[in-house]
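Summary of the model geometry
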Amino acid sequence: MKKYFVTGSYGQIGMDLIPAMLERYGKENVVATGRKKINPTFKELDVIYHRLDVRDEYGLRNLLVEYDIDIILHNASVLSATGEKNPQLAHSINFEGFYNVLEASRELNIEQLFVPSSIAAFGPTTPLVNTPNTTIMEPSSIYGISKVYIELMGSYYNKKYGLNFRSLRYPGVLSPEEPGGGTTDYAIWIFYEALKNMKYTCFLSADVTLPMMMMSDCLKSTFDLIEADDSKLKHRSFNVTGMSFNPEELANEINKYLPDFKIDYEPDFRDALARSWPQSLDDSVAREEWGWEPELPFEKMVPAMLDGVSERLGISYK
Ligand code: SER
């Protein structure tokens, strides 16, 4: 059995990814790391956890050697909205932190390095409808620029050193877990506010359409790609998507379950970011090369989110 190492484990994705990895690969084969103290969920699951700041090059290498790691999932990142508030922090974590992981992977002959990319890697000059896998990438956020850097460096190390680098351009990822610092996060907070207050003030305009996927599909795409046969891969970074909608369409769908729910709009700086991102993604390259197929459509996502968030809040809505 291979040994897996995850950074940024207590982020929105990590909180679902780690339990799924324990089930799939066995508790003894997964090492979770993050900057914070171990959280109660991981403690309960008896996760092997170490505090690690990815900017700590030596701390990182020591753990990779100690556990004889084969595969790294480098999830630690400052997201788009936090990055715009603190570009220097985003630079040190997203660029320098990634570089430490990349170099350690090369020097220690790590079998595979997986790093998420994002729809934020695209920008205003990209064709924003049905965005192809290979297209113009001139992002306007520090977060987006870091994702283009990660994709290009990963691909460069693949060609130059044979590093088995793989990346997925995640759209907005939806789960009942509280997200942190992203722009697509509105599509999670809307469920919290709908269930608590029957009202949500959205920081994006009504008509800003973005690609999204449910966490179950995010995990499926991640496992499918990291387990894909290398000989099938012609690309290193892949578009993946599950659905596309705008805040108004989401509010209308929520109204089918909560008829009294109301939304209003106070767009802020995140509106411009979201408008520079694709409205929909063409993920045919992922479908062709490693058989990607999403499972959860928009109509099923809404009740799944209502169930999940109401359970977390201890509120019944039915
Ligand atoms: N979900 C991310 C964000 O909004 C995009 O990858 O920052």
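Before going into details, it helps to say that this report is about the structure given with it.

Basis of the calculations
- Residues numbered from 1 in each chain as written.
- Predicted model: local features only at pLDDT ≥ 70, side-chain atom pairs only at ≥ 80, totals over all residues.
- Heavy atoms only, no water.
- 1 Å grid on protein atoms, 1.4 Å probe; cavity = no way out; pocket = protein on both sides within 12 Å on 5 of 7 lines; lining within 4 Å.
- Points joined across faces, edges and corners; volume = space filled by probe spheres on them.
- Helix = DSSP H or I, 4+ residues; strand = E, 2+ residues; numbered from the N terminus.
- Nonpolar A, V, L, I, M, F, W, Y, C, P; charged D, E, K, R; others polar.
- Core = buried A, V, L, I, M, F, W, Y, C linked by side-chain atoms within 4.5 Å.
- Buried < 20%, exposed > 50% of the residue type's maximum accessible area, 1.4 Å probe, protein only.
- Contact = heavy atoms within 4.5 Å.
- Near = heavy atom within 4 Å.
- Polar contact = N/O pair within 3.5 Å; in protein donor to acceptor, adjacent residues only side chain to side chain.
- Sits in = over half its atoms within 2 Å of the grid points.

**Comments concerning the layout of surface pockets**
Roughly 940 Å³ of internal volume is contained in the largest pocket. What lines the largest pocket is a set of 47 residues, and nearest its centre among them are G11, N75, S77, L79 and G180. Where the lining of the largest pocket is concerned, the elements lending two or more residues are α1 (14-25), β2 (30-34), α4 (80-85), α5 (87-107), β6 (117-118), α6 (142-161) and β8 (172-174). Grouping the constituent residues of the lining of the largest pocket by class yields 21 nonpolar, 18 polar and eight charged. Counted as a void, the second largest pocket has a volume near 340 Å³. The wall of the second largest pocket is formed by 16 residues, among which E151, S155, H235, R236 and S237 lie closest to the centre.

**Some words on the nonpolar core**
L174, Y186, F191, F245, L250, I254 and M301 are the most contacted members of the largest nonpolar core, which totals 39 residues. Contributions of two or more residues to this core are made by α7 (186-197), β9 (199-202), β10 (210-214), β12 (243-245), α9 (247-255), α10 (269-275) and α12 (298-313). Here this core gets eight residues from one element, more than from any other, and that element is α7. Each residue touching M301, except ones within four places of it in the same chain, is listed here: L174, F191, M214, M243, F245, L250 and L296. Grouped together as the second largest cluster of nonpolar side chains are 35 residues, L17, I71, L73 and L233 included.

**Points about the site of the ligand**
Near the ligand, the surroundings consist of L79, S80, S118, Y143, G182, T183, T184 and W277. Separating an oxygen atom of the ligand from a side-chain N or O atom of S80 is a distance of 2.6 Å. Taking S118, its side chain carries an N or O atom lying 2.5 Å from an oxygen atom of the ligand. The cavity where the ligand resides is the largest pocket. Residue classes in the shell around the ligand are distributed as three nonpolar, five polar and no charged.

Treat this as a map of the structure, not an account of what it does.
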